[in-house]
Amino acid sequence: MKIHEYQAKDLFSSCGIPVKKYVLCYQADEAARAYDEITTECVVVKAQVLTGGRGKAGGVKLAKTKDEALHHAKNILSLTIKDFPVTKVMVSECVDIKSEYYVSFIIDRNSKAVVLMMSAEGGMEIEEVAAETPEKIHKFVIDPIIGLPDYLARKYAFVLFDNIAHVNQMVSILQKLYKLFIDTDASLAEINPLVVTGEEELVAVDAKMTFDDNALYRQPEVLSLFEPTEDEKIETYAKEKGFSFVHLDGEIGCMVNGAGLAMATMDMIKLYGGTPANFLDIGGSSNPNKVIDAMKLLLKDKKVKVVLINIFGGITRCDDVASGLLTAFQQLDTDIPVIVRLTGTNEKEGREMLKGTRFRVAETMGEATRMAVEASK
Ligand code: GDP
Ligand code: MN
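Procedures and definitions
- Residues numbered from 1 in each chain as written.
- Chains lettered and ligands numbered in written order.
- Predicted model: local features only at pLDDT ≥ 70, side-chain atom pairs only at ≥ 80, totals over all residues.
- Heavy atoms only, no water.
- Axes fitted to C-alpha atoms, helices over the stretch in contact; angles between N-to-C directions.
- Helix = DSSP H or I, 4+ residues; strand = E, 2+ residues; numbered from the N terminus.
- Parallel < 35°, antiparallel > 145°, perpendicular 65-115°, else oblique.
- Left-handed = near helix turned anticlockwise from the far one by under 90°.
- Contact = heavy atoms within 4.5 Å.
- Nonpolar A, V, L, I, M, F, W, Y, C, P; charged D, E, K, R; others polar.
- Core = buried A, V, L, I, M, F, W, Y, C linked by side-chain atoms within 4.5 Å.
- Buried < 20%, exposed > 50% of the residue type's maximum accessible area, 1.4 Å probe, protein only.
- Expected span 1.5 Å × (residues − 1).
- Arc of directions from axis to C-beta.

Asks: So what exactly am I meant to see when it comes to the packing of helix H10 (residues 288–299) against helix H11 (residues 318–330) here?
Replies: The relative placement of two packed helices is expressed as an angle between their axes plus a distance between the axes. Axis separation between H10 and H11 bottoms out at 8 Å; the angle between their running directions is 55 degrees. Relative to H11, the element H10 lies oblique. Crossing of H10 against H11: the hand is right-handed. Contacts between H10 and H11 involve Pro288, Val291, Ile292 and Met295 on the former and, on the latter, Gly324, Leu325, Thr327, Ala328 and Phe329. Of the residues contributing to the contact of H10 with H11, the split by class is seven nonpolar, two polar and no charged.

Here you go:
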């Protein structure tokens, strides 16, 4: 689970990691008012979206007057950064940057431990530094039993800084960030850039945190920060209904029983020149409620032009499935084409029941897929 910069900064400030004051704004005129509230002459207006690289995309701008703040906020609020529409901006005290550093704690699969990563090449995207000049990234594996006591934090702080005032501040930031990382079951806590200001102070100018989804059950405060994207809302609905569901980008909605068959269905759609809108395994049973829930799920996606239902009746009998489909669609208000392929126990009876109804019935998977692809064109 990801959170916004402003949320991560709230967590930082609650544990004493230095960040600048900010005001969160949903409208450009709020940003103008925020300019007055912040009181420093220079403010920075920053897009709040769940992705990095905002600076490069024009989502971070400095403003020296109220009008400038208004103007930048207006522009930034109209941006879409890497598919994320900007709906809010942070107006924050501007920092006079002398130098920029990179600091993060991350779960490292290779060392099966938390790793501290630091670099004097802050501000840039760390992936670029890693690709071009990997020697400029310092990595330290944290022993979970020892953690980050003073002597280690000091040793690591000296890797980036030689000025003792900076080192002392860095020790405190490292220890607090590590504690926050552990306490919140984070998988990433990143400051990029951590800056030294003109007043020789270390300040987190950016803040990024990601959390382990499997630990959210014991992190109610973290979970309360969850802001699902449209896709995540749909995936949450699917999870509640007990489906395995993955949203894709195509036009043919798929409803299949069994994960293997669902994969094969997607492959076949591609083979015949169509595009699957999703992976959906509805599991066994012919319960009409399940079909209703699954159809509602598929119809949430406005790109879906046709639905392909591909059922293998093993323990579930095809005539039961057919009667389930008929019951379900009595309660659904949609005229989208629905192609059904039933095979397995009592398949003839099942197909017979669907003939002359709203369903288009196919016998083989190839036939069903061809019909679906045609209907989607
Ligand atoms: P990102 O591009 O999404 O990682 O957003 P950041 O918060 O890291 O901002 C991008 C860049 O904008 C930083 O690396 C800084 O160089 C610059 N920046 C951000 N805030 C300030 C600020 O308060 N003062 C100055 N001078 N530059 C800033
Ligand atoms: Mn950044």
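There's more to say after this.
Asks: Explanation requested: the nonpolar core in the structure shown.
Replies: Nonpolar side chains in soluble globular proteins tend to end up buried together. Counting 42 residues, the largest nonpolar core has Phe105, Met170, Leu174 and Met209 as the members making the most contacts within it. Element by element, the count of residues in this core is highest for helix H6 (residues 164–183), at nine residues. With residues up to four places along the chain from it excluded, the contact list for Met170 reads Val103, Met118, Ala157, Leu160, Phe161, Leu194 and Leu202. Counting residues in each nonpolar core, the second largest holds 32 residues, with Ile292, Val307, Leu325 and Phe359 among its members.

Asks: Just to check I follow, could you spell out helix H13 (residues 365–376) for this structure?
Replies: Every α-helical turn comprises 3.6 residues, leaving residues that sit three or four positions apart pointing alike. The end-to-end C-alpha distance of H13 is 16 Å, a good match for the 16 Å that 12 residues give at a rise of 1.5 Å each. Regarding H13, the residues found buried are Met365, Gly366, Ala368, Thr369, Ala372, Val373 and Ser376. Looking straight down H13, one finds that the buried residues subtend no more than 165 degrees of arc, so they occupy a single side. Against the buried residues of H13 lie strand S14 (252–256), helix H9 (259–271), strand S16 (306–313), strand S17 (338–344) and strand S18 (360–362).

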